[in-house]
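Overview (structure and organization)
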Amino acid sequence: MANFPTSIISFTDPSSANFLNNPAHSTQHANENDEIVSIETKVGTGASTPVVSTVLTGTGVGTSAWQAPTAQTVALLATQTASNSATLDFTSLTATGYSAWKVIITDLIPASASDLWIRISTGSAFKSGGTDYRYRNDIYGDDTGHAQAQSTGAAQILLDNIGLYNTGVAPFSAEITIYNPGGTVNNKMLNFHSTFLTGTGVFVWCEGAGFYTGAVTALDGLRFLMATGNITAGTIKVYGITT
């Protein structure tokens, strides 16, 4: 019986002074045959030749092949461009088959200095109940300052905590990851990081996370809006990530 793959066998190597029965020649061959078969079983069958940039991949039960590694795929799902917009809404987003949504916000400028919010949609309805969300974020400024904001029950997730500046000097840009948007077992978690100029002229970097505390049904939309006022300019793109 083969030791591999449970463990590595320790063979007794015969020397030129050994007779064929010490160690037993038949036992040596039997052990070697068993180990060779166990390695073949582990690797699997399937005719292929290794070439540059390929890896040995399981292709089925007991089969394998040399293949290019499966790459992460990114698909653009939707784009919204602000033009004095009260909200930037993404509806009927596809969640099935994606391990995450990646949101890229570029050069967003509010009509007035205010905070940026995000809300999610399930069942074609944006969620804005007073305790629908929990979040925490931390912000670091070039004035050496640090501030944080958090809530265990809010009507939105706060993507900053100090207010965006309503000029194009250093507009708000961010990356948000929303995990397993199509899942139906767990709450939908997100994290983000962003950079922008505050309403008081401080250049900051912000990072944070949050989640929707309601039903664990699949997501189908996102909404972005300011705490007060409209969104003058900026582009938001939502990508589906497959891994």
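The preceding data block contains the structure.
Keep in mind the model is a prediction, meaning the values are calculated, not measured. (Residues numbered from 1 in each chain as written. Predicted model: local features only at pLDDT ≥ 70, side-chain atom pairs only at ≥ 80, totals over all residues. Heavy atoms only, no water.)

1. Section: the pattern of salt bridges
The cut-off we apply is this: Each salt bridge in this description consists of a side-chain nitrogen of Lys or Arg and a carboxyl oxygen of Asp or Glu lying within 4 Å of one another. Three labels apply to residues, based on accessible area from a 1.4 Å probe with only protein chains included: buried if under 20% of the type maximum, exposed if over 50%, partly exposed otherwise in between.
Counted under the stated rule, the structure contains three salt bridges. Residue R136 is joined to D138 by a salt bridge in which the shortest nitrogen-to-oxygen separation is 3.0 Å. Given the relative accessible area of 14%, D138 is considered buried.

2. Describing the packing of aromatic side chains
Definition in use: Stacked, edge-to-face and tilted labels apply to pairs of Phe, Tyr and Trp rings (six-membered ring for Trp) whose centres lie within 6.5 Å, assigned for plane angles under 30 degrees, over 60, and everything in between, in that order. Secondary structure elements are taken from DSSP: a helix is a run of H or I of four residues or more, a strand is a run of E of two residues or more, and numbering for both begins at the N terminus.
A complete count under the given rule lists four aromatic pairs for this structure. Seen from their ring centres, Y133 and Y212 are 5.6 Å apart, and the 55° between their planes marks the pair as tilted. Of this pair, Y133 sits in strand 8 (residues 133–141) while Y212 sits in strand 13 (residues 203–212), and the two are 79 residues apart along the sequence. Relative accessible area serves as the criterion here: at 0%, Y133 is assigned to the buried category. Owing to a relative accessible area of 8%, Y212 belongs among the buried residues under this scheme.

3. A look at the pairing of strand 12 (residues 189–197)
Put simply, the test is: One bridge is not enough; two strands pair if DSSP finds at least two bridges between them.
Relative to strand 12, strand 11 (residues 172–179) is paired through six bridges, and the arrangement is antiparallel. Each bridged residue has a counterpart across the sheet, and for T177 the counterpart in strand 12 is N191. Here strand 12 runs beside strand 13; their pairing, made up of nine bridges, is antiparallel. Paired with S194 across the two strands is C206, which belongs to strand 13.

4. Description of empty space enclosed by the protein
Put simply, the rule reads: Cavities and pockets are found on a 1 Å grid laid over the protein atoms alone: a cavity is a set of points where a 1.4 Å probe fits but cannot escape, a pocket is an open set with protein on both sides within 12 Å along at least five of seven lines, and a lining residue has an atom within 4 Å of such a point. Grid points are joined across faces, edges and corners, and a volume is the space filled by probe spheres set on the points. Amino acid classes used here: Ala, Val, Leu, Ile, Met, Phe, Trp, Tyr, Cys and Pro are nonpolar; Asp, Glu, Lys and Arg are charged; the rest, including Gly, are polar.
Inspection of the entire model under this criterion finds one cavity of 30 Å³ or more. One number sums up the size of the largest cavity: a volume of about 40 Å³. Taken together, I120, Y133, I157, I178, K188, M189, L190, F211, Y212 and L219 form the lining of the largest cavity. Breaking the lining of the largest cavity down by element, the ones donating at least two residues are strand 12 and strand 13. Residue classes in the lining of the largest cavity are distributed as nine nonpolar, no polar and one charged.

5. As for the sheet that holds strand 15 (residues 231–242)
The cut-off we apply is this: To get an axis, fit a line to the C-alpha atoms, keeping to the stretch in contact for a helix; angles then go from 0 to 180 degrees between the N-to-C directions.
Read across the open sheet, the eight strands follow the order 3-15-5-11-12-13-8-9; overall the sheet is antiparallel. In this open sheet, the two strands that pair with only one neighbour each are strand 3 (73–81) and strand 9 (146–154). Across this sheet, the average inter-strand angle for adjacent strands is 15°, counted without regard to direction. In terms of strand pairing, strand 3 meets strand 15 through eight bridges, oriented antiparallel.

6. Some thoughts on the side chain of S121
Definition in use: In protein, a polar contact means a hydrogen-donor-capable atom and an acceptor-capable atom, both N or O and within 3.5 Å, with residues adjacent in sequence counting only if both atoms are side-chain atoms; elsewhere, any N or O pair within 3.5 Å suffices. Any two residues whose heavy atoms approach within 4.5 Å are treated as being in contact.
Here S121 lies in strand 6 (residues 116–122). By relative accessible area, S121 is classed as buried at 3%. In this structure the side chain of S121 is engaged in a polar contact, spanning 3.1 Å, whose partner is the backbone nitrogen of A125. Each residue touching S121, except ones within four places of it in the same chain, is listed here: F126, A218, L219, D220 and G221.

7. Brief notes about unusual backbone geometry
Note: most residues except glycine have negative phi, and most peptide bonds are trans. Positive phi outside glycine occurs at S92, with the angle close to 55°. Along the chain, the position of S92 falls in the loop between strand 4 (87–90) and strand 5 (100–110). What makes S92 exposed here is its relative accessible area of 67%.

8. Side note on the environment of D115
Note that D115 resides in the loop between strand 5 and strand 6. A relative accessible area of 21% means that D115 is categorised as partly exposed. Sequence separation between D115 and G145 is 30 residues, and the spatial gap between their C-alpha atoms is 18 Å. Looking at D115, its side chain comes within polar contact range of the main-chain nitrogen of G163, at 3.0 Å.

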